[in-house]
Amino acid sequence: MPNSGAFASRRGERGEGFPKSARLLDGAGFRAVLQRGRRRSGPCFTLYLWIRPGRPCRLGLTVSRKAGKATERNRIKRVTREYFRQHQIRFRDGFDCVVQARPAAGNSSNGTLRAGLDTLFAPWLIASPGGGTDPEATPCDG
RNA sequence: GGAGUGGGCCGGGCCGCCGCCGGCAUCCUUCGGGAUGCGGGAGGAAAGUCCGGGCUCCACAGGGCAGGGCGCCGGGUAACCCCCGGCGGGGGCGACCCCAGGGACAGUGCCACAGAGAGCAGACCGCCGGCCGGGAGCAAUCCGCCGGCAAGGGUGAAAGGGUGCGGUAAGAGCGCACCGCGCCUCCCGGUAACGGGAGGCGGCAUGGUAAACCCCGCCUGGAGCAAGACCGAAUAGAGGGGCACAUGGGAUGGCCCAUCCCGCCCCCGGGUAGGUUGCUUGAGGUGACCGGUAACGGUCAUCCUAGAGGAAUGGCGGCCAUCCCGGCUUGACGACCGGGAAACAGAACCCGGCUUACAGGCCCACUCCCUUU
RNA sequence: CGGGGCGUGGCGCAGCCUGGUAGCGCACUAGCAUGGGGUGCUAGGGGUCGGAGGUUCGAAUCCUCUCGCCCCGA
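A brief report on the enclosed structure follows. (Residues numbered from 1 in each chain as written. Chains lettered and ligands numbered in written order. Predicted model: local features only at pLDDT ≥ 70, side-chain atom pairs only at ≥ 80, totals over all residues. Heavy atoms only, no water.)

A look at the pattern of salt bridges
Consideration 1: With the rule as written, the count across this model stands at four salt bridges.
Consideration 2: The partner of Glu72 in a salt bridge is Arg75, with the nearest N and O atoms 2.8 Å apart. Taken together, the positions of Glu72 and Arg75, both in helix H3 (residues 70-87) and three residues apart, correspond to about one turn of that helix.
Consideration 3: A relative accessible area of 26% means that Glu72 is categorised as partly exposed.
Consideration 4: Connected through salt bridges with shared partners, the residues Arg52, Arg58 and Asp96 form a single ionic network. (Salt bridge = Lys/Arg side-chain N within 4 Å of Asp/Glu carboxyl O. Helix = DSSP H or I, 4+ residues; strand = E, 2+ residues; numbered from the N terminus. Buried < 20%, exposed > 50% of the residue type's maximum accessible area, 1.4 Å probe, protein only.)

What follows is the structure, encoded as structure tokens:
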């Protein structure tokens, strides 16, 4: 069952929303991902990802105080959420993931943060059809 | 025009697309929720958590001790280590600024080094007098010895009032005058702190340190919304009831004996994960008037202004405004074109303060200096 | 939300309570011993005591404010 199909029934055909069902909301969910998921690291983030076929993708965020003060931490979380929201339609299969910010994220620009997320999520992303950058692309449930 | 002092205020604006979190209305629903529309969504410090309260729970007859805090006077306030207005002291030409600012005749401790002497002080250099006698010398005088002195030098952060006159061998509050100081009495101004004045007493006794111990006066129960209240899985354990009842199963053992362990359903309390609540209308904001020097208070009118909870308030783009740089243009400013910059910082129960951080900008009052009239 | 601790030469620490001299180890520099190095011995340099105010004659030390770091508890 294609992931985008599950979303289309809930969020309409665009698939760009970010409701609570797309987030990890309790300690059990976080613990499961951190223990069972695969881990990839970049300079700004560490990504834990646990593939759960047929279920909607969910995101959890961990930004410790080492990443910066409250304003910095909020910025990191916003950039990450926005990235997830805009790219979830291109995700290969259902999964839960936890994005953990590293101290270097604190003094990185928004563009650097997005680039770091690109590298980490690359294995689970379907290339945009036609190589274009159109966010209105065809749903990927071929 | 320049330099400066005090106080107050702002913390970019508008639009489009895609998102997030509450509220209200309507509709749909598989009762988990969803759709549409309307409207709302960070700060002056939301920060640090340094004080003070509200609120909640726990403890508590009253009082005291210990510990901690505060400390000129008057006022403001729910309260304060806050604020306002005074007083005293210190700094600045000035506008103004700074001060934990009770008590050192209740007691104890400390004051390094230097210095003769550092606490009911003291003779190093000095100054003065004397000398039966001793040494040098014709002598003056010097050395020495005995005694007087706190004026001068010198030490120090600090050496037991200052100036002048008298006095004396030399000196000294030793005496006197003036100034200063302490205590007492009285008068005037002030609610008071305190200020001003008059008189008397004391020749001066009373160095500093209490952000050293301490004394005096006043204040002070503990925790914190993860407070507290309600609902409540799964799993384990305990209790009660019912069913199953032995001839059952498992472990130790070569086997018997022996020993040990094991069921299903329902109910109850405690209570974890999780959920609901506390949760935003409040010592509230704004405006006018009145009282007050002011902090602030009163009356009336008006407004509702974030409530998240693995934690929302965002992303992208455009235009305008501000500032800077370059080009171009002009007598100069401006206009135009291109590029860049825009801080500190994110609500977590809520208020009143304090403190700290901060790009750029605005307003008011006042002071000093220069120039012109 | 509440509590505790630490900032002193390049590094790790003492000194603070009870105020007057900032000391120890390693490291560094020079000399000697060795053919050279390790090592040993001798001598030497180097510290706004995190920052700003205050109390005091005098502050690393006492007081207030502040900055940074670390660790607990709910």
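We are not done yet, so read on.
Topic: the environment of Arg36
Consideration 1: In this fold, Arg36 is placed in helix H2 (residues 27-36).
Consideration 2: Judged by its relative accessible area of 59%, Arg36 falls in the exposed class.
Consideration 3: Sequence-wise, Arg36 and Tyr48 are 12 residues apart; in three dimensions their C-alpha atoms are separated by 8.7 Å.

Remarks on the environment of Val98
Consideration 1: Along the chain, Val98 falls in strand S4 (residues 95-101).
Consideration 2: Considered as a pair, Val98 and Leu47 are 51 residues apart in the sequence and their alpha carbons are 5.9 Å apart.
Consideration 3: Excluding anything up to four places from it in sequence, Val98 contacts Leu24, Phe30, Val33, Leu34, Thr46, Leu47, Tyr48, Gly60 and Thr62. (Contact = heavy atoms within 4.5 Å.)

Regarding the side chain of Thr80
Consideration 1: Considering the arrangement of structural elements, one finds Thr80 in helix H3.
Consideration 2: Exposure remark for Thr80: the relative accessible area of 2% places this residue in the buried category.
Consideration 3: Once residues lying within four places of it in the same chain are set aside, the contact partners of Thr80 are Phe45, Leu59, Leu61, Val99 and Leu117.

Concerning the protein's contact with RNA strand B
Consideration 1: The environment of RNA strand B is made up of 21 residues, and the closest members are Lys20, Leu24, Phe30, Thr71 and Arg85.
Consideration 2: Separating a sugar or linking oxygen of RNA strand B from a backbone N or O atom of Leu24 is a distance of 2.4 Å.
Consideration 3: Asn74 places a side-chain nitrogen or oxygen 3.3 Å from a sugar or linking oxygen of RNA strand B.
Consideration 4: For the surface near RNA strand B, the elements supplying multiple residues, two or more each, are H2 and H3.
Consideration 5: Partitioned by chemical class, the residues of the surface near RNA strand B number six nonpolar, five polar and 10 charged. (Near = heavy atom within 4 Å. Polar contact = N/O pair within 3.5 Å; in protein donor to acceptor, adjacent residues only side chain to side chain. Nonpolar A, V, L, I, M, F, W, Y, C, P; charged D, E, K, R; others polar.)

Looking at the packing of H3 against helix H4 (residues 110-121)
Consideration 1: At a closest axis distance of 10 Å, the pairing of H3 and H4 adopts a crossing angle of 50°. Taken together, H3 and H4 sit at an angle that is classed as oblique. Two packed elements cross with a definite hand, and for H3 against H4 that hand is right-handed. Contact with H3, carried on its side by Arg75, Ile76, Val79, Thr80, Tyr83 and His87, involves Asn110, Leu113, Arg114, Leu117, Asp118 and Phe121 of H4 and no other residues of that element.
Consideration 2: Across the contact of H3 with H4, the residue classes tally to six nonpolar, three polar and three charged. (Axes fitted to C-alpha atoms, helices over the stretch in contact; angles between N-to-C directions. Parallel < 35°, antiparallel > 145°, perpendicular 65-115°, else oblique. Left-handed = near helix turned anticlockwise from the far one by under 90°.)

Re the pairing of S4
Consideration 1: Taking burial as the measure, the seven residues of S4 include six buried ones, the bulk of the element.
Consideration 2: With seven bridges joining them, strand S2 (residues 45-51) and S4 adopt antiparallel strand pairing. Bridge assignment links Trp50 to a residue of S4, and that residue is Asp96.
Consideration 3: Pairing of strand S3 (residues 58-63) with S4, which is carried by six bridges, proceeds in the parallel orientation. Bridging from a neighbouring strand, Val63 pairs with Ala101 of S4. (Pairing = 2+ DSSP bridges.)

This is a description of form; function is not addressed.
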